[in-house]
Amino acid sequence: MRRTDWRDTLVVISAGLIILITSLLLITTANEQLLLVITSVLAPLVALFLGIMGLRIYAKESGTKDDKFNTLNLWLAIGLIMLSLAEFAGTLVGLTQTSHQMLLIISLAQMPGLILWGLGIIQYLRSLNSSLGFVKSNNPWIGIFLIVTLSTISFVIIVTQFTTIGLVESLILSPIIVGLALLTGISTILVWIFRKGTLAKPLFLILGALSLYLIRVLLWIFVDASLESPTDGVIAIESFILCGAALLLARDLGKIDT
């Protein structure tokens, strides 16, 4: 395995820090509207750029590598591209639609990207389980499915008590939140499993990206922080940057036979 090269990753993370600091300065100086315009443009462009970059790295190697970690990163890259399209849609729809209509459309548009993230992470976990034998049967996967289903139903009941969004939006966002929470939990487990190895570094960045995106969607329901809030775009950009940084860092890890 080659030594991990942090240089490109640090460039991406530094860009994220600059955006975060600039956003805080604009908020403290009461320039939220300017920040909203900036994040509306930056969010889709950052996701698209990092997604295409990851696609170039991992699609090129997918034909020569039978590597589940490479496949995971490929799904993450394609997911970023799909999420960039959702962000572009949000920017365009926001010019003509109301806040609730905008939230409904973006929630539906972002589903393919988040599903691709989920497929990559779950596929990698299953491959890891097959190699290391943490679980000996398929029953836990059935249990996970039942837990997700019951959690979604329970969450729908809870969120309908809040008036920040409508019933339809709650029905759509609830499985997204439960799914993101599950993926965050799985990523936490993967970080713990590889905590003493190099692989933990990109997995930790993926965990950060999922956690931020989960916080973003939770704010849509429990706080009056709509897509028109400047902080919403900042959270989205930072999530995309962490995912892109993970893709850059992972390319230097060599072949992972799990």
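A.B. asks: Honestly, the packing of aromatic side chains in this entry has me stumped. Any pointers?
C.D. replies: How two aromatic rings sit relative to each other is given by the distance of their centres and the angle of their planes. Applying the stated criterion to the full structure yields three aromatic pairs. Between Trp117 and Tyr213 the ring centres are 6.1 Å apart and the planes differ by 75 degrees, which places this aromatic pair in the edge-to-face class. On the criterion of sequence distance, the pair formed by Trp117 in helix α4 (residues 99-132) and Tyr213 in helix α7 (residues 200-222) is long-range, its members being 96 residues apart. Like Trp117, the residue Tyr213 is buried in the burial classification. Between Tyr213 and Phe240, the aromatic rings sit 6.1 Å apart at their centres with planes inclined by 45 degrees, giving tilted as the arrangement. Here Tyr213 is found in helix α7, whereas its partner Phe240 is found in helix α8 (residues 230-250), with 27 residues between them in sequence. Across the pair, Phe240 and Tyr213 agree in class, each one buried. An aromatic cluster of three or more residues is present, and its members are Trp117, Tyr213 and Phe240. The ring of Trp192 carries the charged tip of Arg195 above its face, separated from the ring centre by 3.8 Å.

A.B. asks: Before we go on, may I ask you to explain the confidence of the model for the chain in this structure?
C.D. replies: When pLDDT is averaged along the chain, the result is 80, and 78% of the positions lie at 70 or above. The secondary-structure element of the chain with the lowest mean pLDDT is helix α5 (residues 139-159), recorded at 69, while α8 shows the highest, at 91.

A.B. asks: So what exactly am I meant to see when it comes to the nonpolar core here?
C.D. replies: Soluble, globular proteins show a tendency: their nonpolar side chains are buried together. Ranked by internal contacts, the top residues of the largest apolar core, which has 59 residues, are Leu80, Trp117, Leu180, Leu203, Val217 and Phe240. Looking at this core, the elements with two or more residues in it are α1 (7-28), α2 (32-62), α3 (68-93), α4, α6 (167-193), α7 and α8. With twelve residues, α7 is the largest single contributor of residues to this core. Beyond its immediate chain neighbours, meaning those up to four positions away, Leu80 contacts Ala47, Leu50, Gly51, Trp117, Phe240, Cys243, Gly244 and Leu247.

A.B. asks: Before we go on, may I ask you to explain the pattern of salt bridges in this structure?
C.D. replies: If charged atoms from side chains of opposite charge come close, those side chains can pair. Enumeration over the complete set of coordinates arrives at two salt bridges. For Glu87, the salt bridge goes to Arg216, with nearest N and O atoms at 2.8 Å. A residue pair is termed long-range when its members are at least 10 positions apart, and Glu87 in helix α3 and Arg216 in helix α7 qualify at 129 residues. With a shortest N-O distance of 3.0 Å, Asp232 and Arg216 are connected by a salt bridge. On the criterion of sequence distance, the pair formed by Asp232 in helix α8 and Arg216 in helix α7 is long-range, its members being 16 residues apart. Each member of the pair Asp232 and Arg216 is classed as buried. When salt bridges that share partners are traced, they join Glu87, Arg216 and Asp232 into one network.

A.B. asks: I'm lost on the environment of Phe69 in this one. Help?
C.D. replies: Residue placement: Phe69 occurs in helix α3. A relative accessible area of 2% places Phe69 in the buried class.

A.B. asks: I would appreciate a short explanation of the environment of Val37 in the present structure.
C.D. replies: Mapped onto the fold, Val37 is located in helix α2. A residue is classified by how much of its surface remains accessible, and Val37, at 48% relative accessible area, is partly exposed. Taking the C-alpha atoms as reference points, Val37 and Pro230, 193 residues apart in sequence, are found 8.1 Å from one another.

What counts as what
Residues numbered from 1 in each chain as written. Predicted model: local features only at pLDDT ≥ 70, side-chain atom pairs only at ≥ 80, totals over all residues. Heavy atoms only, no water. Phe/Tyr/Trp six-rings, centres within 6.5 Å; stacked < 30°, edge-to-face > 60°. Helix = DSSP H or I, 4+ residues; strand = E, 2+ residues; numbered from the N terminus. Buried < 20%, exposed > 50% of the residue type's maximum accessible area, 1.4 Å probe, protein only. Lys NZ or Arg CZ within 6 Å of the ring centre and 35° of its normal. pLDDT = per-residue confidence, 0-100. Core = buried A, V, L, I, M, F, W, Y, C linked by side-chain atoms within 4.5 Å. Contact = heavy atoms within 4.5 Å. Salt bridge = Lys/Arg side-chain N within 4 Å of Asp/Glu carboxyl O.

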